[in-house]
Amino acid sequence: MEKVKIIPYQPALQPYFESINKAWIKEHFILEPVDIEVLEDPEFHIIDQGGAILFAELEGEILGTVALKYQEEGIYEMTKMGVVPEAQGKKVGWKLASAILEQAKGLGAQKVVLYSNRKLAPAISMYQKLGFKEAEPEAGKYSRCDIKMEIEF
């Protein structure tokens, strides 16, 4: 997986952003209206609001994606991270997360937050290894999430 390249969002990649994320969300949870809105129009909901989306690509194949959503001055949310099943466990998620954190720093982020669910144990473990710490979640932010994590720069 050393040959995996991290590439920025392009409109032609939107279907991958949508399909990769819908697949893992449907596998573990219920697709919420906010998910559908963001996944079907990421340019409006993420890019145009000051965020970013990255993809992991290997020999022309998209293996995964992650988004960085602007929340407020200095604070971004790492969201909509997914890796296709055949590439899971091969450090693709680590490359994506590391790259989006570097992008966040470049955008002037002082803190990146994420919301997840404890049943996604491999993801939670990866976030901890990246330096994320558990934080107090806001009530009702996302129905499927039972953990908030953050990292400060």
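Residues numbered from 1 in each chain as written. Predicted model: local features only at pLDDT ≥ 70, side-chain atom pairs only at ≥ 80, totals over all residues. Heavy atoms only, no water.

Undergrad: How do you make sense of the sheet that holds strand 6 (residues 133-135) when you look at a structure like this?
TA: Paired through backbone hydrogen bonds, the strands of a sheet run either parallel or antiparallel to each other. Strand order in this open sheet of seven strands is 1-2-3-4-5-7-6, and the pairing throughout is mixed. A strand with exactly one partner marks an edge of an open sheet, and here the two such strands are strand 1 (5-8) and strand 6. The mean angle between the axes of side-by-side strands here comes to 30°, regardless of whether they run parallel or antiparallel. Pairing between strand 3 (residues 61-72) and strand 4 (residues 75-83): seven bridges, direction antiparallel. (Pairing = 2+ DSSP bridges. Helix = DSSP H or I, 4+ residues; strand = E, 2+ residues; numbered from the N terminus. Axes fitted to C-alpha atoms, helices over the stretch in contact; angles between N-to-C directions.)

Undergrad: Please explain unusual backbone geometry as it appears in this structure.
TA: Glycine aside, residues mostly have negative phi, and peptide bonds are mostly found in the trans state. The backbone of Glu59 shows a phi angle near 50°, a positive value even though the residue is not glycine. Here Glu59 shows up in the loop between strand 2 (52-58) and strand 3. One non-glycine residue, Lys91, lies in the positive phi region at around 70°. A relative accessible area of 63% means that Lys91 is categorised as exposed. (Buried < 20%, exposed > 50% of the residue type's maximum accessible area, 1.4 Å probe, protein only.)

Undergrad: Sorry, what's going on with the side chain of Glu77 here?
TA: One can find Glu77 in strand 4. Engagement of the side chain of Glu77 in a polar contact is seen with the side chain of Gln71, the distance being 3.3 Å. (Polar contact = N/O pair within 3.5 Å; in protein donor to acceptor, adjacent residues only side chain to side chain.)

Undergrad: I keep staring at the pattern of salt bridges and nothing clicks. Help me out?
TA: Two side chains that carry opposite charge are able to pair once their charged atoms sit near each other. A complete count under the given rule lists eleven salt bridges for this structure. Between Glu18 and Lys22 there is a salt bridge; the shortest N-O distance is 2.8 Å. Taken as a pair, Glu18 and Lys22 lie in helix 1 (residues 14-28) at a separation of four residues, close to a single helical turn. Since its relative accessible area comes to 15%, Lys22 is described here as buried. As a salt-bridge pair, Glu138 and Lys148 come within 2.9 Å of each other at their nearest N and O atoms. Placement of Glu138 in the loop between strand 6 and strand 7 (147-152) and of Lys148 in strand 7 is noted, with a sequence separation of ten residues between them. Lys148 sits in the buried class, given a relative accessible area of 9%. Each member of the salt-bridge network shares a partner with another, and the members are Glu32, Asp35, Lys80 and Arg144. (Salt bridge = Lys/Arg side-chain N within 4 Å of Asp/Glu carboxyl O.)

Undergrad: Even after reading the chapter, I still don't get the environment of Glu152, so can you show me in this structure?
TA: Positionally, Glu152 belongs in strand 7. Each C-alpha atom, one on Glu152 and one on Lys69, is 16 Å from the other, the two residues being 83 residues apart in sequence. Among residues more than four places away in sequence, those in contact with Glu152 are Gln110 and Lys111. (Contact = heavy atoms within 4.5 Å.)

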